[in-house]
Amino acid sequence: MTITAMIVKMSEGLGRTCAIFFLTLLFSLPLGLLVALLRMSKNRVVSTITKAYISVLRGTPLMLQLIAVAYGPFYLFGATLLVKQKLLAIIIAFALNYAAYFAEIYRGGIESMPVGQYEAAHVLGYSKAQTFMRIILPQVVKRILPSVTNEVITLVKDTSMAFTLAYMEMFSIGKQIANSQSSFTPFVIAGAFYYIMNSVVAFAMSRCEKALGYYR
Amino acid sequence: MRILEIEHCRKHFGENEVLTDISLTVDEGQVVSIIGPSGSGKSTLLRCATLLETMDGGSLKYLDKVAVRDEGGRAVYALPAELKQVRGYFGLVFQNFNLFPHYSVLKNITEAPLLIQKRDKDEVMETARDLLAKMGLSDKADAYPYQLSGGQQQRVSIARALAMKPRMLFFDEPTSALDPELTGEILKVIRALAAEHMTMVIVTHEMAFARDVSDHVIFMDGGVIVEQGNPADIINNPTQDRTIQFLSRFN
Ligand SMILES: Nc1ncnc2c1ncn2[C@@H]1O[C@H](COP(=O)(O)OP(=O)(O)O)[C@@H](O)[C@H]1O
Ligand SMILES: [Mg+2]
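All values reported here derive from a predicted model rather than from experimental measurement. (Residues numbered from 1 in each chain as written. Chains lettered and ligands numbered in written order. Predicted model: local features only at pLDDT ≥ 70, side-chain atom pairs only at ≥ 80, totals over all residues. Heavy atoms only, no water.)

A. Highlighting the overall build of chain B. Within chain B one finds 9 helices and 11 strands. Computed over the C-alpha atoms, the radius of gyration of chain B is 18 Å, within 12% of the 18 Å expected from 2.2 N^0.38 for a compact globule of 251 residues. C-alpha atoms of chain B, sized along the principal axes, occupy 50 × 45 × 35 Å. Scored against the burial criterion, the 251 residues of chain B give a buried share of 57%. Counting only carbon and sulfur atoms, one obtains 46% of the accessible surface of chain B, whose full area is about 10,800 Å². The centroid of the 27 positive side-chain charges in chain B is displaced by 5 Å from the centroid of its 34 negative side-chain charges. (Helix = DSSP H or I, 4+ residues; strand = E, 2+ residues; numbered from the N terminus. Rg over C-alpha atoms; globule rule 2.2 N^0.38 Å. Buried < 20%, exposed > 50% of the residue type's maximum accessible area, 1.4 Å probe, protein only. Areas by Shrake-Rupley, 256 points an atom, 1.4 Å probe, with all protein chains shown as cover. Lys, Arg positive; Asp, Glu negative; His and termini not counted. Charge placed at Lys NZ, Arg CZ, Asp CG, Glu CD.)

Structural data, given as structure tokens:
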């Protein structure tokens, strides 16, 4: 098999790699915010449960979580949906996992906001929701962007974990070719693909940071 | 007309009794200055009056709206909808401005009148432009807070409070976060407001300013009003030992 043939074959999996990437971000970014708000809840039960959730998802391997989401329901209830719908299982596991990381980032950002911002808005008559959505959140987004960038770059690389469920994205295809051809080349190609994707991510995120650079 | 009436306000933080039975009235057009050593409870009093802090006991009334009533020594707050109305009666200028850094100067001033008070856009824009002109900041409408000096930021925050067309304004040490050479510009703005008979309560350490601008001076120490009255009397001829001691530090 020529290198070109390998590249062509592997790039057929890039759509799936991107699907994991974008769908995970789409669900985990809002979910992370929700988790952060629950984590900061004044209700002790809610905050304790959320804290445990974050702790477990950050404290165990994503690979294990993928397996748990895909096969857990099958072993527990005989439900086969997530065994068959691999992408669904992957997105659920990734979104839950990344939400835990994003939640801590959001929380750090929210807690770093000076109380004077809340007070100024309160005196002007902003409701709690208006204060959060208009005054606090936009500033939090700017503050946490560098940490979010780190997670997003990790996410690009983590998409390769889909091979655990034999979901044929770019890396899993490469691994298959590597086995059948007894070749190391597919791994080099995979590395190059991830590096290029992350260059794009880094560029996009620095554009975002610039766009938010109009104030300090 | 009476704008503000606080009676028997009490507030404690844990074991610490910060305000003990404070009563205070402010009439329309009156300028009241509150002086006193740091930690005497001046900010806490302003924060209780502006509903940023909940008082433990006492009552609070703006015009004919009761925000807090006293029931057997316990402070009972009105419903949120009523408190929201009450908030429309006053503005507060903070020591450290608390402008919204992600908004331009113009948006800092206009968002609340548009969003909260739902006023007409053209009217709000005109009000904002007038206020900026009055504050000498007409050329800064599109600037962001970080591009302004402390004195300019504080003038924006005064404009932001005034844009709500409040019946009265509170100032909590409006010049304390400023370099000495910038305090003058803020005091000038407040003097101009006083000349227009804006009703104001000002916590300040600027004694000469308090004497010149106010109709009434209150000296607080240890959570109580130790002495109050005519500015010249209090600042030039205090009668209480604690007032004398405090003021001697300023001469
Ligand atoms: N949020 C708070 N929690 C606990 N103690 C507070 C709080 N705010 C103020 N205090 C205490 O209340 C007292 C009065 O504070 P403050 O009203 O800020 O005084 P001033 O404005 O006159 O300097 C001080 O002893 C201060 O430590
Ligand atoms: Mg104070």
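Right, picking up where we left off after that structure.
B. Spatial organisation of the packing of aromatic side chains. Inspection of every chain in the model, using the stated rule, returns 16 aromatic pairs over all chains. Ring geometry for A:Y214 versus B:Y144: centroids 5.0 Å apart, planes at 65 degrees, classification edge-to-face. With A:Y214 in the segment after α10 (185-211) and B:Y144 in the loop between α4 (121-134) and α5 (150-163), this pair bridges two chains. By relative accessible area, A:Y214 is classed as partly exposed at 35%. Pairwise contacts between aromatic rings join A:F94, A:Y98, A:Y101 and A:F102 into one cluster. The aromatic ring of A:Y215 is capped on one face by A:K142, whose charged end is 4.5 Å from the ring centroid. Residue placement shows B:R160 over the ring face of B:F100; its charged tip is 4.7 Å from the ring centre. (Phe/Tyr/Trp six-rings, centres within 6.5 Å; stacked < 30°, edge-to-face > 60°. Lys NZ or Arg CZ within 6 Å of the ring centre and 35° of its normal.)

C. Representation of the environment of B:K84 within the structure. As for its position among the elements, B:K84 is in helix α2 (residues 80-87). Overall, the relative accessible area of 45% leaves B:K84 in the partly exposed class. Taking C-alpha positions, B:K84 is 21 Å from B:E7, a pair spaced 77 residues apart along the chain. Here B:K84 is in contact with A:G125 and B:I116, once residues within four sequence places are set aside. (Contact = heavy atoms within 4.5 Å.)

D. Region of the structure containing the pairing of strand β10 (residues 216-221) of chain B. The buried fraction of β10(B) amounts to 5 of the 6 residues, a majority that puts the element mostly inside the structure. Hairpin connection, β10(B) to strand β11 (residues 224-229) of chain B: the antiparallel pair is bridged by 2 residues, and B:G222 has positive phi, about 55 degrees. (Pairing = 2+ DSSP bridges.)

E. Quick look at the interface of chain B and chain A. Facing 23 residues of chain B, the contacting portion of chain A comprises 18 residues. Across the chain B to chain A interface the summed buried area is about 2,100 Å²; carbon plus sulfur atoms make up 62%. Of all residues in chain B, B:F100, B:H102 and B:Y146 give up the largest surface area on contact with chain A, accounting jointly for 29% of the area buried on that side. Across the pair A:R134 and B:E111 runs a salt bridge, and its minimum N-O distance is 3.1 Å. Remark: the boundary between chain B and chain A carries 10 residue pairs in polar contact (both at pLDDT 80 or more). Counting residues per element, the ones that place at least two in the side of chain B that touches chain A are α2, β7 (90-93) and α3 (105-115) of chain B. (Buried area = accessible area lost by both parts, 1.4 Å probe. Salt bridge = Lys/Arg side-chain N within 4 Å of Asp/Glu carboxyl O. Polar contact = N/O pair within 3.5 Å; in protein donor to acceptor, adjacent residues only side chain to side chain.)

F. Quick look at the packing of helix α3 (residues 44-59) of chain A against helix α6 (residues 86-111) of chain A. Residues and elements named next belong to chain A. With their axes 9 Å apart at the nearest point, α3 and α6 run at an angle of 115 degrees to one another. Along this stretch, α3 crosses α6, giving a crossing that reads as left-handed. Every residue of α6 that contacts α3 at Y53, I54, L57 and R58 is listed here: L96, N97, A99, A100, Y101, A103 and E104. Classifying every residue of the contact of α3 with α6 gives 8 nonpolar, 1 polar and 2 charged. (Axes fitted to C-alpha atoms, helices over the stretch in contact; angles between N-to-C directions. Left-handed = near helix turned anticlockwise from the far one by under 90°. Nonpolar A, V, L, I, M, F, W, Y, C, P; charged D, E, K, R; others polar.)

G. Focus on the packing of helix α8 (residues 128-158) of chain A against α10(A). All names here are of chain A. Look at α8 against α10: their axes get within 10 Å of each other, and the N-to-C directions meet at 160 degrees. In terms of orientation, α8 lies roughly antiparallel with respect to α10. Taken as a pair, α8 and α10 cross one another with a handedness that is right-handed. Side by side, α8 and α10 meet where L145, P146, V148, T149, V152, I153, V156 and K157 of the first sit next to Y194, M197, N198, V201, M205, C208 and E209 of the second. Looking at the contact of α8 with α10 residue by residue, the class counts come to 11 nonpolar, 2 polar and 2 charged. (Parallel < 35°, antiparallel > 145°, perpendicular 65-115°, else oblique.)

H. View of the site of ligand 1. Residues and elements named next belong to chain B. Around ligand 1, the structure places F13, N16, V18, P37, S38, G39, S40, G41, K42, S43 and T44. In the model, an oxygen atom of ligand 1 is placed 2.6 Å from a nitrogen or oxygen of the G39 main chain. Between ligand 1 and T44, the relevant distance is 2.5 Å, taken from an oxygen atom to a side-chain nitrogen or oxygen of the residue. Surface burial for ligand 1 is 58%, taken as the share of its 550 Å² of free accessible area covered by protein chains. At the level of secondary structure, the elements contributing two or more residues to the shell around ligand 1 comprise β2 (16-27) and α1 (42-49). (Near = heavy atom within 4 Å.)

I. Structural detail: the sheet that holds β7(B). Residue and element names in this part refer to chain B. If you trace the 6 strands from one edge of the open sheet to the other, you get β7-β8-β9-β3-β10-β11, paired in mixed fashion. Each of the sheet's edge strands pairs with one partner strand only, and the pair in question is β7 and β11. Going from strand to strand, the sheet's axes swing by 15 degrees on average, the running direction of each strand aside. The pairing of β10 with β11 spans 5 bridges and is antiparallel. Considered in β11, the bridge of F219 is made with E227.

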